[in-house]
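An overview of the molecular structure
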Amino acid sequence: MSVTIALEPPRQEGVIRLLDLSDAYAQSLYPAESNHLVDLSVLEKPSVSFLVARNGDAIVGCCALVEAGDGTAEIKRMFVDPEARGLRIASGLMNALEAIAREKGLTAIRLETGIYQPEAIALYRKYGYREIEPFGSYLPDPLSLFMEKRLG
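My aim in this report is to walk through the structure given alongside it, one point at a time. (Residues numbered from 1 in each chain as written. Predicted model: local features only at pLDDT ≥ 70, side-chain atom pairs only at ≥ 80, totals over all residues. Heavy atoms only, no water.)

Of note, Arg77 is a non-glycine position whose phi angle comes to about 55°, a positive value. Inspection of the secondary structure puts Arg77 in strand S4 (residues 72-80). At Arg88, a residue that is not glycine, the phi angle is positive and equals roughly 65°. Structurally, Arg88 can be placed in the loop between S4 and helix H3 (89-103). Look at Arg88 and you get exposed, because its relative accessible area is 57%. (Helix = DSSP H or I, 4+ residues; strand = E, 2+ residues; numbered from the N terminus. Buried < 20%, exposed > 50% of the residue type's maximum accessible area, 1.4 Å probe, protein only.)

This is how it looks when you write it as structure tokens:
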């Protein structure tokens, strides 16, 4: 089967399953105050582009590009089903969200990830994201890593 990635609504059973898996994973690694997860209602806002990866009919990955209103956006809820890892789904999601950001004329993409997620950090660094200070409403957190990629 081939993996496809498309803009889709987040409120569907397969996505909710992935978000639940993502929540459980984050909660296993970090205390509540260091988890910066957004819920389904945030993902449904007009300022959010939500991407779904499918392997055949099965939803195997997702991520959101949340526009900040200042020409930048933040990556939220990037997650790939553990059963589907190794299929380059995260890379496909990154390519798709960066294409959307460029189409929208955004100047930068930012993100917050946890220090105990070396695979995620490696993925973001591979795509040219560099460490920055906390942004937006984030406060400094020794368990968080803040990154940005300038688009230009």
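Let us keep going from here.
Now for the layout of surface pockets. Leftover empty space is mapped by rolling, across the atoms, a probe with the size of a water molecule. Here the largest pocket defines a volume of roughly 830 Å³. Taken together, 34 residues form the lining of the largest pocket, with Met78, Phe79, Gln117, Ala120 and Tyr124 sitting closest to its centre. Of all the secondary-structure elements, those providing two or more residues to the lining of the largest pocket are helix H1 (13-29), S4, H3, strand S5 (108-114) and helix H4 (118-126). In terms of residue class, the lining of the largest pocket is built from 17 nonpolar, ten polar and seven charged. Considered as a void within the structure, the second largest pocket measures approximately 180 Å³ in volume. Along the walls of the second largest pocket sit Val66, Glu67, Ala68, Asp70, Thr72, Ala73, Glu74, Arg110, Phe135, Gly136, Ser137 and Tyr138, which together make up its complete lining. Those elements giving two or more residues to the lining of the second largest pocket turn out to be strand S3 (58-67) and S4. At three residues, S4 tops the list of elements feeding residues into the lining of the second largest pocket. (1 Å grid on protein atoms, 1.4 Å probe; cavity = no way out; pocket = protein on both sides within 12 Å on 5 of 7 lines; lining within 4 Å. Points joined across faces, edges and corners; volume = space filled by probe spheres on them. Nonpolar A, V, L, I, M, F, W, Y, C, P; charged D, E, K, R; others polar.)

Here the structure, examined in full by the defined rule, presents five aromatic pairs. Arranged with centres 5.5 Å apart and planes meeting at 15°, the rings of Tyr30 and Tyr116 form a pair that is stacked. Taken together, the residues span a long stretch of sequence, with Tyr30 in the loop between H1 and helix H2 (40-43) and Tyr116 in the loop between S5 and H4 at a distance of 86 residues. Assessed through its relative accessible area of 43%, Tyr116 is described here as partly exposed. Arranged with centres 6.1 Å apart and planes meeting at 85°, the rings of Phe135 and Phe146 form a pair that is edge-to-face. With Phe135 in the loop between strand S6 (130-132) and strand S7 (144-150) and Phe146 in strand S7, this residue pair connects regions lying eleven residues apart in the sequence. When sorted by exposure, Phe135 lands in the same class as Phe146, which is buried. One aromatic cluster in this structure is built from Phe135, Tyr138 and Phe146. (Phe/Tyr/Trp six-rings, centres within 6.5 Å; stacked < 30°, edge-to-face > 60°.)

Moving on to the sheet that holds S4. The strand order across the open sheet formed by seven strands is S1-S2-S3-S4-S5-S7-S6, and the pairing between neighbours is mixed. Each having just a single partner strand, strand S1 (3-7) and S6 make up the two edges of the open sheet. Averaged over all pairs of adjacent strands, the angle between their axes in this sheet comes to 30°, without regard to strand direction. For S6 and S7, the ladder comprises three bridges, and the chain directions are antiparallel. Opposite Ile132, over in S7, you have Phe146 as the bridge partner. Set on the sheet, H1 makes contact with strand S2 (48-55), S3 and S4; between it and S3 the angle comes to about 75°. (Pairing = 2+ DSSP bridges. Axes fitted to C-alpha atoms, helices over the stretch in contact; angles between N-to-C directions. Contact = heavy atoms within 4.5 Å.)

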